[in-house]
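# Residue-level structural notes
Residue-level listing of the chains:
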Amino acid sequence: MASFRAASFLLVVACLASLALAQINVARDAGFEKYCPANSYAAPTADWYTDVAAVQSFLYGVPAREGACVADFLDASGNSIGTISQSVATVAGAVYSVTFELQSVNPLSTADIDVSFGSGSSNGNAPGFGFWSQGSFQGAATGATTTLTFTRQGGDVILDAISIVCIANCPSVFGDPHFIGLDGKRFDFDGEPGNVYNLLTDSEVQVNTLLGQFKLGPHSFINGAIMSQIGMRLGDHSVVVNAGGSDLEAFGFVIVDGVSLEDGAVVEFNDEGKEPIHITFDRKNNNAEKYGIGSHDYAVGHLTVIYGSQYAFTVVLVESGRDHEGNWVVPYPRRSLDFAAQPLALHLRPHGLFGQTSQPSLTRSASGMQGEREDYQIQSGDLLGSDFTFNKFGL
């Protein structure tokens, strides 16, 4: 365990638990902690609602399942309500896993709730007071926003630890490269290896990628481009992800503000007046079939970036060309990056090759783009650059 602090930079070497391409919880204030009252019994939230009013976040006389607070079926005035709901940004047709924790307020009886999200629904039975029970189900989103609704059926129940995670048809960029947009539509991008292109641009966030090629021989390459590097600008901070090279020992790496991250790193920025940033990096060597990135591919690194209440990103460092035992079956390692993203706020309207798919009103060609390929190329070739047609960063 080691740590150091420079300005607002905190790096802690720790053990991370899991590896996945798009494990992004899109629920806001998922543990009812954002407005958790410090010295009072209850306070209204700003993310969870009944029909017309905010739900209260409670300090209860029982340990919360996550953090310090839970939610009861009471509105901001303390009146009993029948539903608790939240609308989140989703991708039409994508499948989400929903999990939640619940328990009865009455120590002598259980309580029941119905839960719905998109095409899925479930019933939860809460055990007596002091005993948490987890419920889970899956549902496909029906549009750009989908509402999670808890409906009380009998008894008094409290909720905590809500999770809404995309598990199939998730918005992402992968392979050479293939896109699943934020509107659920699929398209491919035929970029030139050696050029830098913008994936997503907004006033405080920029994500670019350098395209490369897999090496076939000493002086030859496989046709087609893959993402070899990704550069992010997050306010005043930067993240660079490198997939690695074609030599056996040229492993991939992640650099945050000029500092190379070790396995298990956790980085946090809490700059005054800025969105908080949470970054984790984990090295693994797992067969990646269950992550949707190829049955003969290996996920050797996993980066997660949460930019406050605005965006969540994941980048997976991928190695292909191994057999099921992990032995190389090609003369040169094939290393690339896969990328997934999710706006966390409903009002965001990013641009870029990937970001533009959040705007259904844009006129896009059959190739999936507004404008031409060159409109997304960073003219300076800078991985962190902003000199392209549709730039919004810093504006």
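Scope of this entry: the structure provided in the associated data block. (Residues numbered from 1 in each chain as written. Predicted model: local features only at pLDDT ≥ 70, side-chain atom pairs only at ≥ 80, totals over all residues. Heavy atoms only, no water.)

## A few points about the overall build of the protein
For the protein, the helix and strand inventory stands at one helix and 28 strands. Within the protein, residue pairs in contact and separated by at least 24 positions form 60% of the contacts whose partners lie at least 6 positions apart. Summed over its atoms, the accessible surface of the protein is roughly 16,700 Å², and 50% of this surface lies on carbon and sulfur atoms. (Helix = DSSP H or I, 4+ residues; strand = E, 2+ residues; numbered from the N terminus. Contact = heavy atoms within 4.5 Å. Areas by Shrake-Rupley, 256 points an atom, 1.4 Å probe, with all protein chains shown as cover.)

## Overview of the pairing of strand E20 (residues 226-234)
With respect to burial, E20 is a largely interior element, seven of its nine residues being buried. As judged from the eight bridges shared by strand E17 (residues 205-212) and E20, these two strands associate in the antiparallel manner. Residue pairing across strands places Gln206 opposite Arg233, the latter belonging to E20. As judged from the six bridges shared by E20 and strand E21 (residues 237-244), these two strands associate in the antiparallel manner. Directly across from Gly231, in E21, lies its bridge partner Val240. Taking the residues between adjacent antiparallel strands as the criterion, E20 and E21 are bridged by two residues, where Gly235 takes a positive phi near 65°. (Buried < 20%, exposed > 50% of the residue type's maximum accessible area, 1.4 Å probe, protein only. Pairing = 2+ DSSP bridges.)

## Concerning the packing of aromatic side chains
We describe a pair of aromatic rings using the distance from one ring centre to the other and the angle between the two ring planes. The final tally for this structure, using the stated rule, is 10 aromatic pairs. Seen from their ring centres, Tyr96 and Phe117 are 5.7 Å apart, and the 70° between their planes marks the pair as edge-to-face. Placement of the pair is Tyr96 in strand E7 (residues 95-104) and Phe117 in strand E8 (residues 111-117), with a sequence separation of 21 residues. With respect to class, Tyr96 is no different from Phe117; both count as buried. (Phe/Tyr/Trp six-rings, centres within 6.5 Å; stacked < 30°, edge-to-face > 60°.)

## Let's talk about the state of the cysteines
Taken as a whole and assessed by the stated rule, the structure comprises one disulfide. One disulfide bridge connects Cys166 with Cys170, the sulfur atoms lying 2.2 Å from each other. On the sign convention where negative means left-handed, the S-S torsion of about -105° between Cys166 and Cys170 marks this disulfide as left-handed. Just as Cys166 is buried, Cys170 falls in that class too. (Disulfide = S-S within 2.5 Å.)

## Here's the deal with the sheet that holds strand E22 (residues 251-256)
Spatial strand order, E16-E17-E20-E21-E22-E23: six strands in an open sheet with antiparallel pairing. Two strands close off the open sheet at either side, each with one partner strand: strand E16 (196-201) and strand E23 (259-260). The pairing of E21 with E22 spans five bridges and is classified as antiparallel. When the bridges of E22 are listed, Gly244 appears paired with Phe251.

## A closer look at the pattern of salt bridges
Charged atoms that come close allow side chains of opposite charge to pair. One pass over the structure, following the stated rule, counts six salt bridges. Asp156 is the partner of Arg152 in a salt bridge, and the nearest nitrogen-oxygen pair spans 3.0 Å. Glu192 is the partner of Arg373 in a salt bridge, and the nearest nitrogen-oxygen pair spans 3.9 Å. Pair noted here: Arg373 is in the segment after helix H1 (352-355) and Glu192 is in the loop between strand E15 (186-188) and E16, with a separation of 181 residues, a long-range link. (Salt bridge = Lys/Arg side-chain N within 4 Å of Asp/Glu carboxyl O.)

## Some remarks on the side chain of Thr201
Tracing the chain through its elements places Thr201 in strand E16. At 2.9 Å, the side chain of Thr201 forms a polar contact with the backbone nitrogen of Lys392. Setting aside anything within four residues of it in sequence, one finds Thr201 in contact with Gln206, Pro350, His351, Gly352, Phe388, Phe390, Asn391, Lys392 and Phe393. (Polar contact = N/O pair within 3.5 Å; in protein donor to acceptor, adjacent residues only side chain to side chain.)

## A few points about the side chain of His237
Within the secondary structure, His237 sits in strand E21. Classification of His237 by relative accessible area gives buried; the value is 12%. A polar contact is formed between the side chain of His237 and the side chain of Asp257, at a distance of 2.7 Å. A distance of 2.5 Å separates the side chain of His237 from the side chain of Asp271, its partner in a polar contact.

## So, unusual backbone geometry
One non-glycine residue, Ala161, lies in the positive phi region at around 55°. Here Ala161 is to be found in strand E12 (residues 157-168). Accessibility expressed as a relative area gives 16% for Ala161, which makes it buried. In this model, Asn169 sits at a positive phi of 60°, which is unusual for a non-glycine residue. The topology assignment puts Asn169 in the loop between E12 and strand E13 (172-174).

## So, the environment of Thr149
The residue Thr149 is located in strand E11 (residues 145-154) in this model. Separated by 33 residues in sequence, Thr149 and Ser116 place their C-alpha atoms 5.4 Å apart. Those residues in contact with Thr149 that sit more than four places away from it in its chain are Thr83, Ile84, Ser85, Asp114, Val115 and Ser116.

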